[in-house]
Amino acid sequence: MFVKSCPSWAISESEVTPEHIYINRREWLQKVGFFGLGLASTASGFGLFSGDANAAISGYPAPRNGVYQLDRELTPKEVATTYTNFYEFGSSKNIWRRAQKLATDPWMITIDGLVETEMQLDAVDLITKIGGLEERLYRHRCVESWAMALPWTGVPLASLVKFAKPNADAKYLRMETFFDPEVAPGQKQNWYPWPYVEGLTLAEATNELTFLATGIYGKQMPEQNGAPIRLVAPWKYGFKSVKSISRFTFTDNQPVSFWEQLNNREYGFWANVNPDVPHPRWSQKTERLIGSNKIVPTQMFNGYADQVADIYKGMFLENKRKLFY
Ligand SMILES: Nc1nc2c(c(=O)[nH]1)N[C@H]1C(S)=C(S)[C@@H](COP(=O)(O)O)O[C@H]1N2
Ligand SMILES: [Mo]
């Protein structure tokens, strides 16, 4: 019997299931009539494929886009996949084991609101439709003053926007995480405004930097890092980069994010990284690199001013702080 209890990203390269079998699991299951017999849910109920129930997006490892260079070492994979922030699975950074319960194949995504045609489609189909995967190396800066450097695989969010065909009234893109308290025990804590929500203006969503990540370290995304699809907006504090997205809504209302709803004095809509605007609890002057523990200066827009500063030209002259919280 094929029983696999350890997630593929946690085992050493030599032990990993041959990639072609892993990637083509869906095809293989279809071939042997697994879905046809309606056995999929029974099997997962017995823990078959546990830690392996990921949407089978193919194309890993993807070619690296050399435009995005780092000024620091990549964070070791073992660190970035075990020190993760995902409140749906608990408020500590040590939730990666619990997150294995998240089953992402199939994973239905809704695209709705001010678009030509509202639709629902599987994550694999969406990514297949909107384009080839690429790898990008990006800095990541959490508002809590820690930072990482990560190799994401995915597609530009601009490709999804183009595919969705928003109409002229759409000004914002609202993104929502799944809601399933049976899978994600953090969602039983009803003082949080679940589901997790984030938003971008369409100018931000279509900026060249803004990325929809489906993988990391050349493999598909581990559950704890936001499988099967998450946002990566590297010039903003990490909380903007919403994980495990199940809905994209085009709207003319500025979305109220999860953290903003909890505490709008500390977390705002814009959340652009700025070393000169301290957070009420964390000076933003420097950051600690997770892995090496080195302290380095924080850069304006997390080092991405060349790409994004134009978006904000002339905005909020009366209250500069607004751009950051
Ligand atoms: N759905 C959801 N998305 C989320 C979070 C979360 O708790 N739930 N945490 C955010 C925060 S605060 C950070 S710093 C990043 C962390 O991403 P990582 O754990 O992959 O490094 O995810 C963001 N996206
Ligand atoms: Mo964060």
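Residues numbered from 1 in each chain as written. Chains lettered and ligands numbered in written order. Predicted model: local features only at pLDDT ≥ 70, side-chain atom pairs only at ≥ 80, totals over all residues. Heavy atoms only, no water.

Enquirer: Summarise the overall build of the protein chain; cite the residues concerned and give the values.
Expert: What the protein chain contains, in helices and strands, is nine helices and 12 strands. Contacts spanning at least 24 positions in sequence make up 72% of the contacts within the protein chain whose residues lie at least 6 apart. Working note: accessible area of the protein chain is about 14700 Å², and carbon and sulfur atoms make up 53% of it. (Helix = DSSP H or I, 4+ residues; strand = E, 2+ residues; numbered from the N terminus. Contact = heavy atoms within 4.5 Å. Areas by Shrake-Rupley, 256 points an atom, 1.4 Å probe, with all protein chains shown as cover.)

Enquirer: If you had to explain helix α5 (residues 123-130) to someone new, which residues and values would you point to?
Expert: Residues of α5 that are buried include every one of A123, V124, L126, I127 and I130, and no others. Down the axis of α5, the smallest arc covering the buried residues is 165°, so these residues share one side. Of the exposed residues in α5, the ones pointing more than 90 degrees away from its buried face are T128 and K129. The residue sitting at the N-terminus of α5 and contributing the capping side-chain oxygen is D122; that oxygen lies 3.0 Å from the backbone nitrogen of V124. Looking one or two residues past α5, G131 carries a phi angle of roughly 135°, positive in sign. (Buried < 20%, exposed > 50% of the residue type's maximum accessible area, 1.4 Å probe, protein only. Arc of directions from axis to C-beta. Polar contact = N/O pair within 3.5 Å; in protein donor to acceptor, adjacent residues only side chain to side chain.)

Enquirer: Provide a residue-level description of the site of ligand 1, including the pertinent values.
Expert: Taken together, 17 residues lie near ligand 1, and Y87, E88, R230, S241 and K243 sit nearest. Contact distances for ligand 1 include 3.0 Å between a nitrogen atom and a side-chain N or O atom of T177. Between ligand 1 and N225, the relevant distance is 3.0 Å, taken from an oxygen atom to a side-chain nitrogen or oxygen of the residue. Out of a free accessible area of 540 Å², ligand 1 has 98% covered by protein chains. Here ligand 1 occupies the largest pocket. Its residues assigned to classes, the shell around ligand 1 comprises seven nonpolar, seven polar and three charged. (Near = heavy atom within 4 Å. 1 Å grid on protein atoms, 1.4 Å probe; cavity = no way out; pocket = protein on both sides within 12 Å on 5 of 7 lines; lining within 4 Å. Sits in = over half its atoms within 2 Å of the grid points. Nonpolar A, V, L, I, M, F, W, Y, C, P; charged D, E, K, R; others polar.)

Enquirer: Explain the side chain of S241 to me, using residue names and the numbers behind them.
Expert: Secondary-structure assignment places S241 in the loop between β9 (230-232) and β10 (245-251). On the basis of relative accessibility, which here comes to 7%, the residue S241 falls in the buried class. Here A233 takes part through its backbone nitrogen, which lies 3.0 Å from a polar atom of the side chain of S241. In this view, S241 contacts R230, L231, V232 and A233; residues no more than four positions away in its chain are not counted.

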